[in-house]
Amino acid sequence: MSANLTRTTAADLAALLSTGDVSAVEVAQAHLDRIAEVDGDVHAFLHVDAADTLAQARAVDDARAAGTDLHELAGVPIAVKDVVVTRGTPTTAGSRMLEGWIPPYDATLVEKLRAAGLPMLGKTNMDEFAMGSSTEHSGYGPTRNPWDLTRIPGGSGGGSAAALAAFEAPLSIGTDTGGSIRQPAAVTGTVGVKPTYGSVSRYGLVALASSLDQAGPCARTVLDAALLHEVIGGHDPRDSTSLPQPATGYADAARLGASGDLTGVRVGVVKELAGEGYQREVSEAFARSVRELEAAGAEVVEVSCPSFEAALAAYYLILPAEASSNLAKFDGMRFGLRVEPSEGPVTAERVMAATRGQGFGAEVKRRIILGTYALSAGYYDAYYGSAQKVRTLIQRDFAAAYEQVDVLVSPTAPTTAFKLGEKLDDPLAMYLNDVATIPANLAGVPGISVPNGLDDAGLPIGVQVLAPARADDRLYRVGAAIEHHVRSSQGDLLARIPEVHR
Ligand code: GLN
């Protein structure tokens, strides 16, 4: 039973829980057992507290027994990326800087998960402060890809994606500033959604780049992601950029799309997100999914978004600029780590220097230096100012494209999972993983990654669907249709995961 429970979708677990076929404690225990069995190899989790998870599950079972009206997903457990603050549970954002910090409050999305009765399994590993594409920049060691333990699970939310692929959790939460939900989903054969900017509260996220950061749902199916999105979304007065829009209609859209029929849906293939730099099998799988979309009744046209070519360059000015400012609060005084200088006077400035010198990893320091430089007087217009202009051009490219089509499609990531260590010494090669995902963050529009087959080495490939702002429902409709066609032609891909950890 317990092996089956860890392979069951969230929607099916919800059904079993509502009829009383299983209890929330049984479901939680099955996943905790699985974590105990495989996480030594995978290292998806930074923190697990079994007693706490079971207590949350028991509360759901008790409420159900008392006849309380429960949320549809009550009792379905979830893993949460460690960049999301959790009251009473350590939160490090993958950094030694925050080691030992126990937040005194919950992020809004965590409050919503608790109110809906989703027991938290633990906090997932990530690149330090969400900077990276491989989880190798974590201050606590890398996560490994369950498809091949010698390979990366993507990043920065590699832990949240690997936990799903390793059947350690049926649902997880990620954050996506430049691709950190979608790229890990692509390379682990799972589903990840970056919602419209402002549609899931940022209150209680450890901020990376505030104008780009967005939390979102990760799951093994499109419907499960939609169900989770409805739990965490919606307006929050504590986030000044939160949209006044309810998070509804996503699961209905996923159910509609699951028929596979896309008659009348206009789909644009982004010319600039293809070609050089994309692995052969990724391009071939993408071409196949475009044919499947046409066969499903969609009207497919090619669209050009010329400014996307400059998206990566603009992102690597805007992100470090915002990050250098957001990370200034880690000063050795207020949160987590404090290091006193080994010799000489203990002044505030020297404590700050010693703390930041020891607490931050190399990638974080690189970006703080880049951001500080880009914002400095004399360079501001040339770097930050130019990047903001590019951002506007990208927004215009999207607006023009969405006059012609309902959604855009592209490969999610240019390659499948690479080997641990392969790109660690080459920051630019690491940054290039996000060429296809970054434009959506710069424009604030939503995107989903859906599994789209395997490469010649048996590693997962992802396809990305992008929609206009506030039209997240289209991601679920088209995403579910793609999922349906990939399943019809190739079966359940996750069933083919080599059981390195069976
Ligand atoms: N890989 C990208 C970066 O390193 C994306 C990060 C993110 O989305 N948090 O910035």
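Higher on the page you've got the structure.
This structure is a prediction, so every number in the text was calculated from the model and none was measured. (Residues numbered from 1 in each chain as written. Predicted model: local features only at pLDDT ≥ 70, side-chain atom pairs only at ≥ 80, totals over all residues. Heavy atoms only, no water.)

A. Quick peek at a nonpolar patch on the surface. A cluster of nonpolar residues, Tyr373, Tyr379 and Tyr383, forms a patch on the protein surface that exposes about 280 Å² of accessible area. On the secondary structure map, Tyr373 appears in helix H13 (residues 362-375). Accessibility expressed as a relative area gives 39% for Tyr373, which makes it partly exposed. (Patch = residues over 30% accessible without salt bridge, like charges linked within 9 Å, V, L, I, M, F, W, Y side chains within 5 Å. Areas by Shrake-Rupley, 256 points an atom, 1.4 Å probe, with all protein chains shown as cover. Salt bridge = Lys/Arg side-chain N within 4 Å of Asp/Glu carboxyl O. Helix = DSSP H or I, 4+ residues; strand = E, 2+ residues; numbered from the N terminus. Buried < 20%, exposed > 50% of the residue type's maximum accessible area, 1.4 Å probe, protein only.)

B. Fine view of the environment of Leu149. If you trace the backbone, Leu149 turns up in the loop between strand E3 (120-124) and helix H6 (158-165). For the pair Leu149 and Leu408, spaced 259 residues apart in sequence, the C-alpha to C-alpha distance is 33 Å.

C. Inspection of the sheet that holds strand E8 (residues 299-303) at higher detail. One open sheet accounts for eleven strands, arranged E1-E3-E2-E4-E6-E5-E10-E11-E9-E7-E8; its pairing is mixed. Taken across any chain shown, the strands that pair with only one partner, and hence form the sheet edges, are strand E1 (45-48) and E8. Across the sheet, the axes of successive neighbouring strands diverge by a mean angle of 25°, strand direction being ignored. Judged from the three bridges that link them, E1 and E3 form a sheet pairing that is antiparallel. Residue pairing for E3: His47 is matched across the bridge by Lys123. Across the sheet, helix H8 (residues 222-232) is in contact with strand E2 (78-81), strand E4 (171-175), strand E5 (191-194), strand E6 (215-219) and strand E10 (447-454); its angle to E6 comes to roughly 150°. (Pairing = 2+ DSSP bridges. Axes fitted to C-alpha atoms, helices over the stretch in contact; angles between N-to-C directions. Contact = heavy atoms within 4.5 Å.)

D. Molecular detail of the site of the ligand. By nearness alone, 16 residues border the ligand, and Thr177, Gly178, Ser180, Tyr315 and Asp434 come closest of all. In the model, an oxygen atom of the ligand is placed 2.6 Å from a nitrogen or oxygen of the Tyr315 side chain. Starting from 290 Å² of accessible surface for the ligand in isolation, the protein chains cover 100%. Take the shell around the ligand: its biggest share by element is three residues, from helix H11 (residues 311-326). Taken together, the residues that form the shell around the ligand break down as six nonpolar, seven polar and three charged. (Near = heavy atom within 4 Å. Polar contact = N/O pair within 3.5 Å; in protein donor to acceptor, adjacent residues only side chain to side chain. Nonpolar A, V, L, I, M, F, W, Y, C, P; charged D, E, K, R; others polar.)

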